[in-house]
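Now for the letters of each chain:
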Amino acid sequence: MATWNHILLIDSNSPLMEQLNFFHDHTLLIITLITILVGYNMLSLLTNSFINRFLLHGQLIEIIWTILPAIILLFIAFPSLRLLYLLDETNKPSLTLKSIGHQWYWSYEYSDFKNIEFDSYMIPSAELNEGDFRLLDVDNRIVLPNHTQIRLIATATDVIHSWTVPSLGVKIDATPGRLNQTNFYMNRSGLFFG
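Residues numbered from 1 in each chain as written. Predicted model: local features only at pLDDT ≥ 70, side-chain atom pairs only at ≥ 80, totals over all residues. Heavy atoms only, no water.

Undergrad: How do you make sense of the packing of aromatic side chains when you look at a structure like this?
TA: The geometry of an aromatic ring pair comes down to the distance between the two centres and the angle between the two planes. In the structure shown here, the tally under the stated rule is five aromatic pairs. Pairing F133 with F193 gives two aromatic rings, centres 5.1 Å apart and planes at 75°, and the pair type is edge-to-face. Of this pair, F133 sits in the loop between β3 (117-121) and β4 (149-156) while F193 sits in the segment after β7 (180-185), and the two are 60 residues apart along the sequence. Assessed through its relative accessible area of 33%, F133 is described here as partly exposed. For the ring pair W163 and F184, a centre distance of 6.2 Å and an interplane angle of 25° mean the geometry is stacked. Placement of W163 in strand β5 (residues 161-165) and of F184 in strand β7 is noted, with a sequence separation of 21 residues between them. Of the two residues, W163 and F184, both sit in the buried class. (Phe/Tyr/Trp six-rings, centres within 6.5 Å; stacked < 30°, edge-to-face > 60°. Helix = DSSP H or I, 4+ residues; strand = E, 2+ residues; numbered from the N terminus. Buried < 20%, exposed > 50% of the residue type's maximum accessible area, 1.4 Å probe, protein only.)

Undergrad: I'm lost on the environment of L168 in this one. Help?
TA: Residue placement: L168 occurs in the loop between β5 and β6 (170-174). Judged by relative accessible area, which is 4%, L168 ranks as buried. Separated by 156 residues in sequence, L168 and S12 have C-alpha atoms that sit 6.3 Å apart. Not counting residues within four places of it along the chain, the set of residues in contact with L168 comprises N13, S14, M17, F184 and M186. (Contact = heavy atoms within 4.5 Å.)

Undergrad: Could you clarify how one ought to interpret the layout of surface pockets in this entry?
TA: Empty space left among the atoms is revealed by rolling a probe the size of a water molecule over them. Of the voids in this model, the largest pocket is the one considered here, and its volume is about 890 Å³. The wall of the largest pocket is formed by 30 residues, among which Y108, V138, I142, F192 and G194 lie closest to the centre. Counting residues per element, the ones that place at least two in the lining of the largest pocket are β2 (105-110) and β5. With five residues, the top contributor of residues to the lining of the largest pocket is β5. Within the lining of the largest pocket, the residues separate by chemical class into 18 nonpolar, 11 polar and one charged. (1 Å grid on protein atoms, 1.4 Å probe; cavity = no way out; pocket = protein on both sides within 12 Å on 5 of 7 lines; lining within 4 Å. Points joined across faces, edges and corners; volume = space filled by probe spheres on them. Nonpolar A, V, L, I, M, F, W, Y, C, P; charged D, E, K, R; others polar.)

Undergrad: Is there a simple way to explain the packing of helix α1 (residues 15-47) against helix α2 (residues 59-88) in this structure?
TA: The relative placement of two packed helices is expressed as an angle between their axes plus a distance between the axes. Close contact between α1 and α2 brings their axes to 11 Å; oriented N to C, the two are set at 170°. As far as their axial angle goes, α2 and α1 are roughly antiparallel. Only I72, F75, I76, P79, S80, R82, L83, L86 and L87 of α2 make contact with α1, whose side of the interface consists of L16, Q19, L20, F23, H26, T27, I30 and I34. Across the contact of α1 with α2, the residue classes break down as 12 nonpolar, four polar and one charged. (Axes fitted to C-alpha atoms, helices over the stretch in contact; angles between N-to-C directions. Parallel < 35°, antiparallel > 145°, perpendicular 65-115°, else oblique.)

Undergrad: Is there a simple way to explain the nonpolar core in this structure?
TA: Across soluble globular proteins, nonpolar side chains show a tendency to be buried alongside one another. Judged by nonpolar contacts, the single largest core of 18 residues is most densely connected at L97, L144, L152, W163, L168 and F184. Those elements that place two or more of their residues in this core are β1 (95-102), β2, β4, β5 and β6. Looking at which element gives the most residues to this core, the answer is β4, with four residues. In this structure, F184 is in contact with L144, T148, Q149, I150, L152, W163, L168 and V170, ignoring residues within four places of it in sequence. (Core = buried A, V, L, I, M, F, W, Y, C linked by side-chain atoms within 4.5 Å.)

Undergrad: What's the story with the domain arrangement of the protein in this structure? I'm lost.
TA: Taken domain by domain, the protein holds domain 1 (15-49 + 56-88) and domain 2 (95-186). For domain 1 versus domain 2, the distance between C-alpha centres works out to 38 Å. Residue-level contacts link five residues of domain 1 with seven residues of domain 2. At the junction of domain 1 and domain 2, the tally comes to zero residue pairs in polar contact (both at pLDDT 80 or more). With four residues, the top contributor of residues to the side of domain 1 that touches domain 2 is α1. Of the residues in the side of domain 1 that touches domain 2, the class split is five nonpolar, no polar and no charged. (Domains from an automatic or database assignment. Polar contact = N/O pair within 3.5 Å; in protein donor to acceptor, adjacent residues only side chain to side chain.)

Undergrad: Sorry, what's going on with the UniProt feature "domain: Cytochrome oxidase subunit II copper A binding" (unreviewed entry) in the protein here?
TA: With numbering matched to this structure, UniProt assigns "domain: Cytochrome oxidase subunit II copper A binding" (unreviewed entry) to residues 92-194. Along residues 92-194 the backbone is 0% helical and 42% strand, and the end-to-end C-alpha distance reaches 25 Å. (UniProt positions renumbered as here; feature names shortened; annotations may be inferred.)

Right under this line is the structure:
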């Protein structure tokens, strides 16, 4: 779980979150290289005498600074589109969890089993035990299996809610009158907050 002094991304618990971390590192490397190049050009302007007889007609440099950013954007766009496809693809789920957002609490239903549904309320600050997280711990937690494809169906009864678990790479909006669907796969067991 992220704390106030956490600098890096949260440890991933799903293959999709690992891919999101890799994409973040890939994009950060490209941005770092662009920043170094622009910084070098700005520093070289300080020592330049601004006189060059070959820069009067610069069609070649104009072609380069038009095509090079387009190529750089392609290096960012292709992995991004692949990741968007993977995040939206729903494989054959082994378990379906229905999550219904209410004002101040969530209701959960295990749709594959009969009559397994419960409400999950946030624990008030006055009732927290030592080591509990304020505004994150609940009285009834969801229990989900590892190494299983899980489908999450989210909806709401009153206003728009957001169901998020950062270490799984899952964020879905629960909208009244609409069923939104996502899927995830957990690599390891643990307690994950969102």
